[in-house]
Amino acid sequence: METTLTEVQLRGLEKARAGADLNLTAELTITGLAETKHWPTTGAQEPVRIPHATWSNAITQLDTGAFADVPVPLPIRA
């Protein structure tokens, strides 16, 4: 199974996991093309857990640029 993530989606995953394991749910739809006597489709949800070390290792091997949020305080003058 393979998917593509945008930078925004990747940031969302990183924020949601907060340094812990990455927990996802794969929503699967299966279609039986050759079977005509029963319902042609079925679905299932499967939990997917990616350990922190595995996910962190994969992130460090990305060929795209890295990002970091840097808060910059701005003085407000009344």
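Preceding block: the structure.
Note that this is a predicted model, so its numbers are computed, not measured.

Asker: For helix α1 (residues 7-17), give the residues involved together with the corresponding values.
Answerer: One turn of the α-helix equals 3.6 residues, which is why residues spaced by three or four share an orientation. Three or more residues of α1 are buried, namely Leu10, Leu13 and Arg17. When α1 is viewed along its axis, its buried side chains cluster within an angular range of 60° and face the same direction. Within α1, the exposed residues directed more than 90 degrees away from the buried face are Glu7, Val8, Lys15 and Ala16. A positive backbone phi angle near 50° is found at alanine 18, which sits one or two residues after α1.

Asker: Could you give me a rundown of the packing of α1 against helix α2 (residues 52-60), with the residues and numbers involved?
Answerer: For the pair α1 and α2, the least separation of the axes is 13 Å and the interaxial angle reads 150°. Viewed along their axes, α1 and α2 adopt a mutual orientation that is roughly antiparallel. For the pair α1 and α2, the sense of crossing is left-handed. Across the interface between the two elements, Leu10, Leu13, Glu14 and Arg17 of α1 pack against His52, Trp55, Ser56 and Ile59 of α2. Taken together, the residues of the contact of α1 with α2 sort by class into four nonpolar, two polar and two charged.

Here is what the cut-offs are and how they apply
Residues numbered from 1 in each chain as written. Predicted model: local features only at pLDDT ≥ 70, side-chain atom pairs only at ≥ 80, totals over all residues. Heavy atoms only, no water. Buried < 20%, exposed > 50% of the residue type's maximum accessible area, 1.4 Å probe, protein only. Helix = DSSP H or I, 4+ residues; strand = E, 2+ residues; numbered from the N terminus. Arc of directions from axis to C-beta. Axes fitted to C-alpha atoms, helices over the stretch in contact; angles between N-to-C directions. Parallel < 35°, antiparallel > 145°, perpendicular 65-115°, else oblique. Left-handed = near helix turned anticlockwise from the far one by under 90°. Contact = heavy atoms within 4.5 Å. Nonpolar A, V, L, I, M, F, W, Y, C, P; charged D, E, K, R; others polar.

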